[in-house]
Amino acid sequence: MNSTPIEFDWSSDHTLRIVLGSEISERSHQRVVAAYAALRSKQLPGLLDITPAYTTIVLTFDLVDLDVDRIEAAVRSAVQPFGGETSPSETKSRVVEIPVCYDGDCGLDLAEVAALHGISPDEVVRLHTSAAYHVYFLGFSPGFAYLGGLPAAIASPRLSTPRIRVPGGSVGIAGQQTGIYPQSTPGGWRIIGRTPLVMFDPHRNPSALLAIADRVRFIAIDQTEFARLSRQGA
Amino acid sequence: MPTLRVVQPGMFTTVQDLGRFGFAASGVAPAGAADTLSLRIGNRIAGNRDDAAALEMTLVGGVFTADDHALIVISGASPRAATIKNAQGVVRAIPSYNVVDLNAGEELQIGPLDTGARTYMCVRGGIDVQPVLGARATHVASGIGGFNGRALRAGDELSIGNPPPAMRREADDAGDFARRHIFRNVLRVTPGPHAPSFDGDAVSILAHATYEVSEKSDRMGVRLAGPSVPTRTEGRMITEPMPAGAIQIPEGGQPLILGPDRPTTGGYPVIVNIIAADLSAVGQSRPRDQIRFEFVTIEAARTIWTTQRAELDRLIPPAEGRM
């Protein structure tokens, strides 16, 4: 297994970019998760934010009294343990079950996705709910989780014409990715279901339902259960 | 405390402060003033801390009244006309960068902006909306913060906060500071992190060309029209976090300068990054502006920032207890 040395550099005068891998993989992800945890515990001076992604972590700093040498030394010592051949020991992750209604209006494109693959809608649901997913990171918009683990058998292209409005909680597929639209937004993903869970609420703590490294499973529910859980404000 | 009432909101007016930090790992953009320098200046004149919330008006200002005496400071782009009309209908012009009395029953009108894109109405005491995730900045796309997570509409009423402990101050030559540091069309940039996505020609094109600010620009990003910048990777790469001022080259090769409301991560390569000291200049760019880039080192960029901040503090010191 190749070992990509961990590099970091200033991607701007106020952001430090750490590279922990060269491709999307479980190994890169584990390094990001471990380095992210280590950096958060470091209390770097002037740190405004830490943003993890597939293979990189970006640290954002206030330029007031920026102590470059101290920051670089602290970052080096925090991430160096994860630069070797051996994978960092897997951090304990939460398992989050997400109830999804695939029936009727919740699964706007379910029939199309099934037809695309020459299988039944039930089979699409079975494949989607049988997989074990993990959260690579949250990004793009509040509460949006980039999930890994979609079975190749249901990978499907985006809509050629995006919808003007995708209901919040919609579960979609785009290429090899699957994810949940936390808010109602325009969107081009193929929607196969909808969750009654509130994926992001800025007045809740934590505001995002999912976090980096979470393991995720989708559980099929019917429309009655969907309505009940929606009323609960889950 | 007084209540500010929106009679006419203007083209696009939101409550902004210095932004929301610490939640990028949840996908939350910082938002905040597109021109933080002007926000700081206006707040300091009013005796506020730098991070007090103000109204950010875009291209065309609005009309406002207050139900009790309020102290207002206008900063940022100078409106063609900024006036207060009293109860008798007498209109007086109000200068930028000065504390102005807005008495109960009077009407404050901020007209269109001739140059620059954003004007700030700072109020002594700050705009007192409930902070969300630690800040009063508005992120309209996700409905987070500010006044109900949206742009202001006619009839909206905003509370003004308690007067701060610091005195109101004066800033001599704020206009001169603004001309040199904020209203500039040569933007300094440092090299971006995705060098393998670009060849020498790409960088050379960016270094020598003049780009025009497109009308399709907003708080998410400033779109530039001009010579196409070629990429080696057909315009995509592994999604990664995007700093403020990152200049992405999407499909089509037209540069996009990422703004305060940007998605926190992106999949297009970044060729250069605007220096922190010039982010306010980006926030004041308006459609048809002609932009050029000047390349500097990271070290030089930090020196420019430190010098600029020192000059700002000499122009007008921050209120005590600033963040």
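Structure: above.
Attention here is on the structure that accompanies the text. Every value quoted in this text rests on a predicted model; they were computed, and no experiment measured them. Every chain is numbered independently, its residues counted from 1 as its sequence is written. Here the convention is simple: chains get letters from A, ligands get numbers from 1, in the order in which they are written. Side-chain atom pairs in this predicted model are given and counted only at pLDDT of 80 or more, local residue features only at pLDDT of at least 70, and totals for whole chains, interfaces and linings cover all residues. Water and hydrogen atoms were dropped before computing side-chain values, which therefore reflect all heavy atoms in the structure.

**Section: the overall build of chain B**
On a plain count of helices and strands, chain B comes out with 5 helices and 20 strands. The quantity called the radius of gyration is restricted to C-alpha atoms. Its globule counterpart is 2.2 Å times the number of residues to the power 0.38. What you see for chain B is a C-alpha radius of gyration of 20 Å, in line with the 20 Å of a compact globule of 323 residues. Taken over the C-alpha atoms alone, chain B extends approximately 65 × 35 × 35 Å along its principal axes. When burial is assessed residue by residue, chain B has 59% of its 323 residues classed as buried. Between two residues, a contact is recorded if the distance between any of their heavy atoms is within 4.5 Å. Residue pairs in contact within chain B that sit at least 24 positions apart in sequence constitute 78% of those at least 6 positions apart. The Shrake-Rupley method, run with a 1.4 Å probe, gives the accessible areas here. Residue values count only the displayed protein chains as cover. As displayed, chain B offers around 12500 Å² of accessible surface, 50% of which is attributable to carbon and sulfur atoms. Between the averaged position of the 32 positive side-chain charges in chain B and that of its 34 negative side-chain charges there is a distance of 1 Å. Note on conventions: DSSP H or I runs of at least 4 residues are helices, E runs of at least 2 residues are strands, and numbering of each starts at the N terminus. Exposure is judged per residue with a 1.4 Å probe applied to protein chains only, and the accessible area is read against the type maximum: over 50% gives exposed, under 20% gives buried, and values in between give partly exposed. Residues counted as positive are Lys and Arg, residues counted as negative are Asp and Glu, and His and the chain ends are not counted. Each charge is placed at NZ for Lys, CZ for Arg, CG for Asp and CD for Glu.

**Some points on the overall build of chain A**
What chain A contains, in helices and strands, is 5 helices and 13 strands. Each principal axis of the C-alpha distribution contributes one length, and for chain A these read about 60 × 40 × 35 Å. Going through the 234 residues of chain A one by one, you find that 55% of them count as buried. At a minimum sequence separation of 6, the contacts of chain A that also span at least 24 residues come to 63%. A total of about 10400 Å² of accessible surface is found on chain A, and carbon and sulfur atoms cover 51% of it.

**Digging into the pattern of salt bridges**
Residues and elements named next belong to chain B. Think of a salt bridge as a Lys or Arg side-chain nitrogen and an Asp or Glu carboxyl oxygen that are within 4 Å of each other. Applying the stated criterion across every chain yields a total of 24 salt bridges over all chains. A salt bridge links Arg44 to Asp50; its shortest N-O distance comes to 2.9 Å. Of the two residues, Arg44 and Asp50, neither departs from the other in class, the shared state being buried. The closest approach of N and O atoms between Asp261 and Arg219, which form a salt bridge, is 2.9 Å. Residue Asp261 is found in the loop between strand S17 (256-258) and strand S18 (265-266), and its partner Arg219 is found in the loop between strand S13 (211-213) and strand S14 (221-225); the two are separated by 42 residues along the sequence. Pair check on accessibility: Asp261 and Arg219 agree, each one buried.

**Quick notes on the state of the cysteines**
By convention in this document, the label disulfide applies to cysteine sulfur atom pairs within 2.5 Å. Counted under the stated rule, the structure contains 0 disulfides over all chains. Here A:Cys101 stays free of any disulfide, with the sulfur of A:Cys106 as its closest cysteine sulfur at 3.6 Å.

**Comments concerning the interface of chain A and chain B**
Bring the parts together and some accessible area is lost; that lost area is often taken as the interface size. With 39 residues of chain A at the contact, the number on the chain B side is 33 residues. A buried area of about 2900 Å², summed over both sides, lies between chain A and chain B, and 65% of it is on carbon and sulfur atoms. Applying the counting rule to chain A against chain B returns 1 salt bridge. With its nearest N and O atoms 2.7 Å apart, the salt bridge here joins A:Arg17 to B:Glu240. N or O atoms closer than or at 3.5 Å make up a polar contact, with two conditions inside protein: a donor-capable atom paired with an acceptor-capable one, and, for residues adjacent in sequence, both atoms drawn from side chains. Applying the counting rule to chain A against chain B returns 10 residue pairs in polar contact (both at pLDDT 80 or more). Where the side of chain A that touches chain B is concerned, the elements lending two or more residues are strand S1 (7-12), strand S2 (15-19), strand S3 (47-52), strand S4 (56-61) and strand S6 (133-138) of chain A. A total of 5 residues in the side of chain A that touches chain B trace back to one element, the largest contributor, which is S3(A). Taken together, the residues of the side of chain A that touches chain B sort by class into 21 nonpolar, 14 polar and 4 charged. Here's the idea: put two parts together, see how much 1.4 Å probe accessible area each one loses, and the total over both is what we call buried area. Note that Gly is not counted as nonpolar here; it falls among the polar residues with everything else outside the nonpolar set of Ala, Val, Leu, Ile, Met, Phe, Trp, Tyr, Cys and Pro and the charged set of Asp, Glu, Lys and Arg.

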